[in-house]
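# Examination of the molecular architecture
Spelled out, the chains give:
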Amino acid sequence: MPNIRQVYLLLFSLYWAQGLPVGFMTHALPVILRAQGVSLAHIGGFGLLMLPWAIKIFWAPFVDRVALSRLGQYRSWIIPTQLCSVTILVILSFFPIHALDQPSYLLIFFGLLLFMNLTGATQDIATDALAVNLLKSDQQHWGNTIQVIGSRLGFIVGGGAVLWCLDWLHWQATFLILALLVFLNTLPVLLFQEPIHAKVQTAHDQPTRSIFKTITAYLDYFKSSSELKAWLLVLVSFKIADGLSGPLLKPLMVDMGLSFSQIGIYITMLGAVAALAGAGIAGVLLKYIARPTALITFSWLKILSLLGYVCLAFIYEHGYQMSPLWLYLVNAFEDACSAMLLVVMLTLIMHYSRKQFAGTDFTFQVSIMATVSGSLYMVSGILGDVLGYYFYLMIIVIVGMFTLIPIYSWKQMKFIKKH
């Protein structure tokens with residue numbers, strides 16, 4: 001069994017590599033599109049790029065059951081998908097970015113990004129499964145803290161640094177650097193010796209079932225007790241506020257007059273640094289406070305951060321003058337709160353994942369949140385265009401308060417079970 005420092009380094013490198021391309025698509029791409037005059041509705045439509053993250057549950061059972069080579073159950077998936085991402089980033093570096101106004105180029109560009117998300121989502125299944133199998137219960141909160149820190153660092157580079165570089169460095173060099181970083185973060189998994197996991201099922205020792213039956217079986221697990229049923233409602237409601245607000249926050253910054261460099265450095269990068277701090281704080285606090293208490297506390301902080309955006313939208317729509325510093329502070333606070341919330345949520349998801357179905361159970365829970373968030377992401381751009389920033393963000397805050405009800409209900413179920 002590898003030592004825990006080696007495991008933490010491995011997970012950090014994998015989640016950082018995963019965050020690099022995702023950071024570009026979620027942070028840099030909406031800003032680039034908005035700067036070119038693309039409507040909020042169309043920016044919301046780019047949420048389809050994240051579809052593989054929402055539907056990865058359909059192939060998660062195969063990652064759990066089938067090893068592609070002798071590299072190891074999960075390394076045999078991680079290494080090829082990592083190298084695939086490197087290849088796509090190299091191809092994108094040669095893409096004529098100024099030709100995106102032509103439908104044929106736009107379609108090819110969209111297809112490449114979609115395929116990169118497909119490989120990234122598959123790598124995520126295998127990485128999450130590897131983490132569940134390698135981390136003990138008292139190590140899970142640190143493992144997920146490292147996961148959030150690694151992915152946020154990827155967002156800093158893939159989102160903020162890309163925007164900053166595009167102001168002074170050309171497209172090809174920027175993407176070749178991204179490809180190099182993903183490759184360097186592949187080295188730890190290449191050198192890692194994966195242990196044999198207990199009770200890992202393969203295609204040879206279990207009859208192949210249809211996808212529908214496989215998913216139904218996993219749904220039965222999450223309906224097997226009152227606590228798990230309550231937890232399922234938490235998963236469904238958890239990302240509603242994020243999904244509704246996602247397409248609005250970065251375009252709001254553009255409309256308020258911030259440049260690429262300002263958004264790249266002071267919004268995306270500074271926000272990601274704040275998220276790193278938030279993840280670290282959450283990791284420490286989870287040693288001293290119960291996970292349900294942490295989930296509720298961090299959820300209220302998240303709602304408070306969205307209220308900050310409501311204030312920004314009110315100031316913008318009423319034509320008042322304001323220092324950009326306030327935008328940076330609100331964004332940093334929201335990113336820190338989101339990271340704290342994500343650490344405790346992923347720790348709980350890992351808690352409810354069975355080791356023999358690690359990839360599937362973890363993926364199933366994350367996919368529920370991604371499906372809800374992605375679906376609302378596409379709709380919310382249209383609503384934002386119709387209602388305006390201020391009124392729509394106020395509605396999101398109210399909805400966010402209602403999403404706390406399933407969390408309180410789940411906490412009560414855990415209390416009843418314990419006593």
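What counts and how
- Residues numbered from 1 in each chain as written.
- Predicted model: local features only at pLDDT ≥ 70, side-chain atom pairs only at ≥ 80, totals over all residues.
- Heavy atoms only, no water.
- UniProt positions renumbered as here; feature names shortened; annotations may be inferred.
- Helix = DSSP H or I, 4+ residues; strand = E, 2+ residues; numbered from the N terminus.
- Buried < 20%, exposed > 50% of the residue type's maximum accessible area, 1.4 Å probe, protein only.
- Contact = heavy atoms within 4.5 Å.
- Areas by Shrake-Rupley, 256 points an atom, 1.4 Å probe, with all protein chains shown as cover.
- Core = buried A, V, L, I, M, F, W, Y, C linked by side-chain atoms within 4.5 Å.
- Domains from an automatic or database assignment.
- Phe/Tyr/Trp six-rings, centres within 6.5 Å; stacked < 30°, edge-to-face > 60°.
- 1 Å grid on protein atoms, 1.4 Å probe; cavity = no way out; pocket = protein on both sides within 12 Å on 5 of 7 lines; lining within 4 Å.
- Points joined across faces, edges and corners; volume = space filled by probe spheres on them.
- Salt bridge = Lys/Arg side-chain N within 4 Å of Asp/Glu carboxyl O.
- Axes fitted to C-alpha atoms, helices over the stretch in contact; angles between N-to-C directions.
- Parallel < 35°, antiparallel > 145°, perpendicular 65-115°, else oblique.
- Left-handed = near helix turned anticlockwise from the far one by under 90°.
- Nonpolar A, V, L, I, M, F, W, Y, C, P; charged D, E, K, R; others polar.
- Patch = residues over 30% accessible without salt bridge, like charges linked within 9 Å, V, L, I, M, F, W, Y side chains within 5 Å.
- Expected span 1.5 Å × (residues − 1).
- Bend = angle between axes of the 7 residues up to and from the residue.

- An unreviewed UniProt entry annotates the protein as MFS transporter of Acinetobacter suaedae.
- Here is the UniProt Subcellular location (unreviewed entry) comment for the protein, exactly as written: "Membrane".

## A closer look at the overall build of the protein
- Secondary structure summary: the protein contains 18 helices and 0 strands in total.
- Looking at the protein residue by residue over its 419 residues, the buried ones come to 55%.
- For the protein, the proportion of contacts with a sequence separation of at least 24, taken over those separated by at least 6, is 86%.
- Total accessible area on the protein stands at roughly 17,800 Å², and carbon and sulfur atoms take up 71% of it.

## Structural notes on the nonpolar core
- Ranked by size, the top nonpolar core spans 119 residues in total, and within it Phe-24, Leu-113, Trp-231, Leu-295, Met-345 and Ile-349 carry the most contacts.
- If you tally residues by element for this core, the top one is helix α1 (residues 4-35), at 15 residues.
- Two domains each donate at least three residues to this core, and these are domain 1 (1-195) and domain 2 (210-418).
- Once residues lying within four places of it in the same chain are set aside, the contact partners of Leu-113 are Phe-24, Met-25, Leu-29, Leu-49 and Leu-92.

## Observations concerning the packing of aromatic side chains
- Here the structure, examined in full by the defined rule, presents 7 aromatic pairs.
- A centroid spacing of 5.1 Å and a plane angle of 50 degrees characterise the contact between Trp-231 and Trp-410, whose relative ring orientation is tilted. One end of the pair, Trp-231, is in helix α11 (residues 226-238); the other, Trp-410, is in helix α18 (residues 404-418), and 179 residues separate them in sequence.
- A network of ring pairs unites the aromatic residues Trp-231, Tyr-352 and Trp-410 as a single cluster.

## Concerning the side chain of Asp-361
- Looking at the secondary structure, you find Asp-361 in helix α16 (residues 358-387).
- Here Asp-361 falls in the buried class, since its relative accessible area comes to 0%.

## Focus: empty space enclosed by the protein
- Scanning the entire structure with this criterion turns up 5 cavities of 30 Å³ or more.
- Of the volumes computed, that of the second largest cavity is approximately 80 Å³.
- Considering the residues around the second largest cavity, the lining is formed by Ala-17, Gln-18, Pro-21, Val-22, Met-25, Trp-53, Gln-82, Ser-85, Met-116, Asn-117, Gly-120 and Gln-123.
- The set of elements that each furnish at least two residues to the lining of the second largest cavity consists of α1, α5 (75-93) and α6 (103-134).
- It is α1 that contributes the most residues to the lining of the second largest cavity, 5 residues altogether.

## Notes on the pattern of salt bridges
- Counted under the stated rule, the structure contains 5 salt bridges.
- Across the pair Asp-242 and Lys-239 runs a salt bridge whose closest N-O atoms are separated by 3.1 Å.
- Salt-bridge contacts for Asp-361 lead to Arg-354; the nearest nitrogen and oxygen are separated by 2.8 Å.
- Taken together, the shared-partner salt bridges connect Lys-239, Asp-242, Lys-302 and Glu-334 into one network.

## Some words on the environment of Ala-241
- As for its position among the elements, Ala-241 is in helix α12 (residues 240-255).
- With relative accessibility at 11%, the residue Ala-241 sits in the buried group.
- Residues Ala-241 and Thr-403 lie 162 residues apart in sequence; the distance between their C-alpha atoms is 8.2 Å.
- Discounting residues that sit within four places of it in the chain, Ala-241 has contacts with Leu-306, Ile-396 and Gly-400.

## Here's the deal with the packing of helix α14 (residues 291-317) against helix α15 (residues 324-351)
- Across the interface, α14 lies against α15 with an axial gap of 9 Å and an inter-helix angle of 155 degrees. One element, α14, and the other, α15, form an angle in the roughly antiparallel class. Regarding α14 and α15, the two cross each other, and that crossing is left-handed.
- For the contact of α14 with α15, the residue count by class is 17 nonpolar, 7 polar and 3 charged.

## Remarks on the packing of α12 against helix α17 (residues 389-402)
- Relative to each other, α12 and α17 sit at 150 degrees, their axes nearing to 10 Å. Taken together, the axes of α12 and α17 lie roughly antiparallel to each other. Regarding α12 and α17, the two cross each other, and that crossing is left-handed. Of α17, the residues touching α12 (which contributes Ile-240, Ala-241, Leu-244, Ser-245, Leu-248, Leu-249, Pro-251, Leu-252 and Asp-255) are Tyr-389, Tyr-392, Leu-393, Ile-396, Val-399 and Gly-400.
- Looking at the contact of α12 with α17 residue by residue, the class counts come to 12 nonpolar, 2 polar and 1 charged.

## Remarks on a nonpolar patch on the surface
- A grouping of Leu-83, Leu-180, Phe-183, Leu-184, Leu-187, Leu-190 and Leu-191 is seen on the molecular surface, where their side chains present a nonpolar patch of about 640 Å² in accessible area.
- If you list the elements that add at least two residues to the nonpolar patch, you get α8 (171-184) and α9 (187-191).
- Here Leu-187 is to be found in helix α9.
- Given a relative accessible area of 35%, Leu-187 falls into the partly exposed group.

## Description of α12
- For α12, built from 16 residues, the straight-helix expectation of 22 Å at 1.5 Å per residue is met to within 8% by its first-to-last C-alpha distance of 24 Å.
- Along α12, the sharpest change in direction is near 45 degrees and occurs at Gly-246; proline Pro-247 comes one to four residues later.
- In terms of burial, α12 is a largely internal element, 12 of the 16 residues being buried.
- Here α12 has its buried residues at Ala-241, Gly-243, Leu-244, Ser-245, Pro-247, Leu-248, Leu-249, Lys-250, Pro-251, Leu-252, Met-253 and Val-254.
- One or two steps after α12, the chain reaches Gly-257, where phi turns positive at roughly 100 degrees.

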